[in-house]
Structures are given as structure tokens and as C-alpha cells.
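# Observations on the model geometry
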Amino acid sequence: MKLLRYGPKGHEKPGLLDAAGGIRDLSAHIDDIAGDVLTPEGLARLQAIDPASLPQVSGDPRIGPCVGRVGKFICIGLNYADHAAESGMDIPKEPVVFNKWTSAISGPNDDVEVPRGATKTDWEVELGVVIGKGGRYIDEADALSHVAGYCVVNDVSEREWQIERGGTWDKGKGHDTHGPIGPWLVTADAVTDVNNLGMWLEVDGKRYQNGSTATMIFNVPQIIAYLSRFLSLQPGDVISTGTPPGVGLGQKPPVYLKGGEVMRLGIDGLGEQMQKVVKA
Ligand code: ZN
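Source: prediction; values computed, not measured.

### Description of the coordination of the zinc ion
Each protein donor to the zinc ion is listed here as Glu 124 (OE), Glu 126 (OE) and Asp 155 (OD); together their distances run 1.9 to 2.0 Å. Counting residues between consecutive donors of the zinc ion along the chain gives the motif E-x1-E-x28-D. Of this pair, Glu 126 sits in strand β9 (residues 125-131) while Asp 155 is found in the loop between β10 (147-154) and β11 (157-158), placing the two residues 29 residues apart along the sequence.

### Thoughts on empty space enclosed by the protein
Counted by the stated rule, this structure contains 1 cavity of 30 Å³ or more. Taken as a whole, the largest cavity holds about 100 Å³ of empty space. What lines the largest cavity is a set of 18 residues, among which Leu 78, His 83, Glu 124, Gln 162 and Trp 169 lie closest to the centre. No other element matches the 3 residues that helix α3 (residues 159-164) contributes to the lining of the largest cavity. Of the residues belonging to the lining of the largest cavity, the class tally is 7 nonpolar, 6 polar and 5 charged.

### Section: the domain arrangement of the protein
Structurally, the protein comprises domain 1 (2-53) and domain 2 (73-279). The centre of domain 1, based on its C-alpha atoms, is set 24 Å off from the matching centre of domain 2. Approximately 990 Å² of surface area, both sides summed, lies buried where domain 1 meets domain 2, with 70% of it carried by carbon and sulfur atoms. Its largest share of buried area at the contact with domain 2, domain 1 owes to Lys 2, Leu 3 and Leu 38, together 46% of the area lost on that side. Joining domain 1 to domain 2, the criterion identifies 0 salt bridges. If you look at where domain 1 meets domain 2, you find 2 residue pairs in polar contact (both at pLDDT 80 or more). If you list the elements that add at least two residues to the side of domain 1 that touches domain 2, you get β1 (2-6) and α1 (40-47).

### Let's talk about the environment of Lys 2
Within the secondary structure layout, Lys 2 lies in strand β1. Accessibility expressed as a relative area gives 29% for Lys 2, which makes it partly exposed. Sequence-wise, Lys 2 and Asp 268 are 266 residues apart; in three dimensions their C-alpha atoms are separated by 13 Å. When neighbours within four sequence positions are excluded, Lys 2 is seen to be in contact with Gly 15, Leu 16, Leu 17, Trp 184, Leu 185, Val 186 and Gly 269.

### Quick notes on the pairing of strand β2 (residues 13-17)
Counting buried positions over the 5 residues of β2 gives 4, a clear majority of the element. Across 4 bridges, β1 lies against β2 in antiparallel orientation. By the bridge assignment, Tyr 6 is partnered in β2 with Lys 13. Inspection of the sheet shows β2 paired to strand β3 (residues 23-25) by 3 bridges, in the antiparallel sense. Bridging across to β3, Leu 16 finds its partner in Arg 24.

### Description of the sheet that holds β10
Read from one edge of the open sheet, 9 strands run β3-β2-β1-β13-β10-β9-β16-β4-β5, paired in mixed fashion. Two strands in the sheet have a free side with no partner beyond their single neighbour: β3 and β5 (96-99). The average angle at which neighbouring strand axes cross in this sheet is 30 degrees, direction not considered. Relative to β5, strand β4 (residues 73-77) runs antiparallel, the two being bridged by 4 bridges. Note that in β5 the partner of Ile 74 across the bridge is Asn 99. The strands that helix α4 (residues 220-227) touches are β4, β5, β9, β10 and β16 (238-240); relative to β9, the one it contacts most, it runs at about 55 degrees.

### A few points about the nonpolar core
Counting residues in hydrophobic clusters, the biggest one holds 41 residues, and the most contacted among them are Leu 127, Tyr 150, Ile 224, Ile 239 and Leu 270. Elements supplying a minimum of two residues to this core: β4, β7 (112-114), β9, β10, β14 (198-203), α4 and β17 (262-267). Other than its neighbours up to four places away in sequence, Leu 270 contacts Leu 127, Tyr 150, Cys 151, Val 152, Pro 183, Trp 184, Val 186, Val 191 and Leu 197. Ranked by size, the runner-up nonpolar core spans 24 residues in total, among them Leu 26, Leu 38, Phe 73 and Ala 148.

### Thoughts on α4
The buried count for α4 comes to 7 of 8 residues, which makes it a mostly enclosed element. Buried residues belonging to α4 abut β4, β5, β9, β10 and β16.

### Re the pattern of salt bridges
With the rule as written, the count across this model stands at 18 salt bridges. In this structure, the salt-bridge partner of Arg 5 is Glu 12, at a minimum N-O distance of 3.7 Å. Assigned by exposure class, Arg 5 and Glu 12 land together as buried. Among the ionic pairs, Arg 264 bridges to Glu 202, the shortest N-O distance being 3.2 Å. Here Arg 264 is found in strand β17, whereas its partner Glu 202 is found in strand β14, with 62 residues between them in sequence.

Calculation rules
- Residues numbered from 1 in each chain as written.
- Predicted model: local features only at pLDDT ≥ 70, side-chain atom pairs only at ≥ 80, totals over all residues.
- Heavy atoms only, no water.
- Donors = N, O, S within 2.8 Å, 3.2 Å for Na, K, Ca; no water.
- Helix = DSSP H or I, 4+ residues; strand = E, 2+ residues; numbered from the N terminus.
- 1 Å grid on protein atoms, 1.4 Å probe; cavity = no way out; pocket = protein on both sides within 12 Å on 5 of 7 lines; lining within 4 Å.
- Points joined across faces, edges and corners; volume = space filled by probe spheres on them.
- Nonpolar A, V, L, I, M, F, W, Y, C, P; charged D, E, K, R; others polar.
- Domains from an automatic or database assignment.
- Buried area = accessible area lost by both parts, 1.4 Å probe.
- Salt bridge = Lys/Arg side-chain N within 4 Å of Asp/Glu carboxyl O.
- Polar contact = N/O pair within 3.5 Å; in protein donor to acceptor, adjacent residues only side chain to side chain.
- Buried < 20%, exposed > 50% of the residue type's maximum accessible area, 1.4 Å probe, protein only.
- Contact = heavy atoms within 4.5 Å.
- Pairing = 2+ DSSP bridges.
- Axes fitted to C-alpha atoms, helices over the stretch in contact; angles between N-to-C directions.
- Core = buried A, V, L, I, M, F, W, Y, C linked by side-chain atoms within 4.5 Å.

Set out below in C-alpha cells:
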């Protein structure tokens, strides 16, 4: 299933993408694509619904973030060896973990802001993992059974604030609009091999990132098992799993967003995002 949320910001309705690419309204069955709806039992109830029985949504509504009421937005840093190299950092021995604030979450095609005073705003296409079944001390062998599905994430980053201003990376990761997720939450059963998905990102038509989840240092089961030793995971938590090479910081000379650009990014089978860059 491809689940999505559509409508004005803060008033999104739950929906499902039908086989013809049309949106069907799920709001008679669930209040949101969030929380317990994402558990194996919740998703099984949605699977049992015939999409043809759902009202068609007309027009071309805004697509919102594909998950509502996200409790935690956890990111893995430097998870691709080539990206660690272009960032001038060592390949990590253990996953690098940081947070994006949930207020950074936005729709896949919403504008992305260059924050006031920022000079090094950058992009990162990433595979997002949406937790379905919560848990802690999860075994690697069992980890994928905790996944509701996957989505595209743009881990938009302000490099000066991330790297040059002291403290943790979080200051440069959590600005409003810096966490587009979606367009769809593609349920895990509809993704054949999560560890082999092509991914790409373009700015103004120039392709900067062209990678695959196959070159992750820590794969999805390893990441889930690792995180669950430090914290409990809950339905609707989103884990962004790191970016392949080709970010602005890694260009020679570096290239950063100034405002006015258009970013396009996508992952095989998970859909595409498109964001206009604007000044805050
Ligand atoms: Zn990232």
C-alpha cells in the first residue's frame, strides 16, 4: 500500500494511492496515518479494505508529510562511506545518531527555507524508515518486523550551524521545513529489497546525488537493533538512515542553497519530492 496525507497544513486527511495513481479518502476508517494505525494489526485492517470502495479525492490537493504525530525523528549520520569521505570525517565505528525536531517536518513538495542568517544550507536525500511495532532491545533478525514502511526524506541541513557553531549537530538539522517526508508511506510488504534502492537528488536540474541504499555502512536492521538498545521505538517514529555522496558541502568548491532553487529527489518505488527554496 501507498499511504499518504493530503490537504492543507495541519488539517491533512488520511488517504491511499490506488492502482491508477488516484487518491482515495480513508477518513471514514481512520483519523490519521499515525500511531496505532501503523502497527501490524492496524495495517492489516487497511489492507482488507477494497480501494474501489473508498471515495475518490478530486482535484490536485497538497500532499502533506506521509506520517502524522511523529514522536521521534531520528537520524543516522555518515552512513555512507563516500559521504563520510566528502565531509572530511572518518567512517564511524558505530552509527552516528542525531535528532531532527519534529517541527521541521513538512510535506514533500512544500517550500524549504534558507533560515535567516544562514549561508550553508544543504540537501541530503535519505531513506526514511517508519516504525510500526514499537519495542526495545530488538534483535537484528527481528528488526524488519517492526517496520511499517518506508518513505523519501530530504534531511535539509545548515552546515555552519551543524559543524561550526559548537555542540551537537542538532542546531543545524532542525529548522522549520528542513524535514520533508513523503509523498507516500510505502508499506514494507510493497518494498522488495530495502537494502538495494536507487536514490537521487537534483538542484535546478543538475544531478548531485546518485546512490543506492546498497552502500550503507549500517543497514536498516542493524540501525533499528542499535537504536533500540538506547531508547524505545514507538509506532510513527521516523528514522532517516543517512545520505549517499553528492551533498553541497562535498562539491569543490562547496555549493549551498541561496533561495530560488528547485530541488527534486526520489528513491526507487517510494516516489519523488520537489521543493522550491525560499528565504525565511
Ligand atoms: Zn542526513
